[in-house]
Amino acid sequence: TPYWYEWEIGVIECLKMLYDDSIEYVIFQDPKYQSIDDVVVKKNGKTINIQVKHTDVDKNMTYSFLDKDDLLKSWAKDWQNNGIDDVVEIYIYSNMNYGTNEANGKVSFIRFIEEVLPELKKNYNFSSPEKEMENAIQWYKGHISFLGTDASKFTSMLNFKKTASLADVVSQINNIIK
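Residues numbered from 1 in each chain as written. Predicted model: local features only at pLDDT ≥ 70, side-chain atom pairs only at ≥ 80, totals over all residues. Heavy atoms only, no water.

S.K.: Teacher, can you tell me more about the layout of surface pockets here?
M.R.: To find the voids left in a structure, one rolls a probe of water-molecule size over its atoms. Estimated volume of the largest pocket: approximately 280 Å³. Lining the largest pocket are 14 residues, with Val52, Lys53, His54, Phe65 and Met96 sitting closest to its centre. Secondary-structure elements contributing two or more residues to the lining of the largest pocket are helix H1 (2-16), strand E3 (46-53) and helix H2 (63-68). The leading source of residues in the lining of the largest pocket is H1, at three residues. Among the residues forming the lining of the largest pocket, the class breakdown is seven nonpolar, two polar and five charged. Taken as a whole, the second largest pocket spans an internal volume of roughly 150 Å³. Every residue lining the second largest pocket is listed: Ile9, Ile12, Glu13, Lys16, Tyr93, Lys161, Thr163, Ala164, Val169 and Gln172. Of all elements in the fold, only H1 and helix H7 (166-177) reach the threshold of two or more residues within the lining of the second largest pocket. (1 Å grid on protein atoms, 1.4 Å probe; cavity = no way out; pocket = protein on both sides within 12 Å on 5 of 7 lines; lining within 4 Å. Points joined across faces, edges and corners; volume = space filled by probe spheres on them. Helix = DSSP H or I, 4+ residues; strand = E, 2+ residues; numbered from the N terminus. Nonpolar A, V, L, I, M, F, W, Y, C, P; charged D, E, K, R; others polar.)

S.K.: Can you walk me through the packing of helix H4 (residues 109-122) against helix H5 (residues 131-144) in this structure?
M.R.: It is the contact of H4 with H5, at a shortest axis distance of 11 Å, that shows an interaxial angle of 70 degrees. For the element pair H4 / H5, the angle class is roughly perpendicular. By crossing handedness, the relation of H4 to H5 is classed as right-handed. Facing H4, whose interface residues are Arg111, Phe112, Glu115, Val116, Leu117 and Leu120, H5 presents Met133, Ala136, Ile137, Trp139, Tyr140 and Lys141. Broken down by class, the residue content of the contact of H4 with H5 amounts to nine nonpolar, no polar and three charged. (Axes fitted to C-alpha atoms, helices over the stretch in contact; angles between N-to-C directions. Parallel < 35°, antiparallel > 145°, perpendicular 65-115°, else oblique. Left-handed = near helix turned anticlockwise from the far one by under 90°. Contact = heavy atoms within 4.5 Å.)

S.K.: Before we go on, may I ask you to explain the nonpolar core in this structure?
M.R.: General note: in soluble globular proteins, nonpolar side chains tend to be found buried as a group. Counting 39 residues, the largest nonpolar core has Phe112, Tyr140, Phe154 and Phe160 as the members making the most contacts within it. Of all elements in the fold, only H2, helix H3 (71-82), strand E5 (87-94), H4, H5, helix H6 (151-157) and strand E7 (158-162) reach the threshold of two or more residues within this core. Sequence-distant contacts of Tyr140, defined by excluding residues within four places in its chain, comprise Leu72, Phe112, Leu117, Leu120, Tyr124, Phe154, Thr155 and Leu158. Tyr5, Ile12, Leu15 and Val52 belong to the second largest nonpolar core, which has 14 residues in total. (Core = buried A, V, L, I, M, F, W, Y, C linked by side-chain atoms within 4.5 Å. Buried < 20%, exposed > 50% of the residue type's maximum accessible area, 1.4 Å probe, protein only.)

S.K.: I'm lost on H5 in this one. Help?
M.R.: An α-helix turns once per 3.6 residues; consequently, residues spaced three or four apart project the same way. A rise of 1.5 Å per residue sets the reference length of H5, with its 14 residues, at 20 Å; its end C-alpha atoms lie 20 Å apart and thus fit the reference within 8%. Within H5, burial applies to Met133, Glu134, Ala136, Ile137, Trp139, Tyr140, Lys141, His143 and Ile144. (Expected span 1.5 Å × (residues − 1).)

Now the structure itself:
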């Protein structure tokens, strides 16, 4: 099930504690958070939140996937309510492929992840003459506009990480243990 995947990601973080003294603790399903809570790592007094979006079916991560439960807004709201002062990284781990089709006048989701988000991380005021890219920027900013001036800070720490299959993650664990 998808829950095994998030636990395996957490086990990897726990195993890192064996050789990284800067990691103070790892919490699974941290009750402090509601939507960026799957694995929470405290390192050098700061927090790294990992949210896992694993699927056992062939499914893509797309704008509509994030829109369905307003995930982007819920991640930002959780950060604003609970971690604005000590969260330094938010990782969205997923084994889903990023959507490759343009959607509702926006660049493909893979282009959003690979091109748009990195530009917004460098300069939150970034805009593009390409209409589809600008639409993706406005989509993103619309979901987190309630953050006001903190939207730039949230964007700078938000990371999407494509991960391997569950079998590959288990293999990573076995390699760490060896």
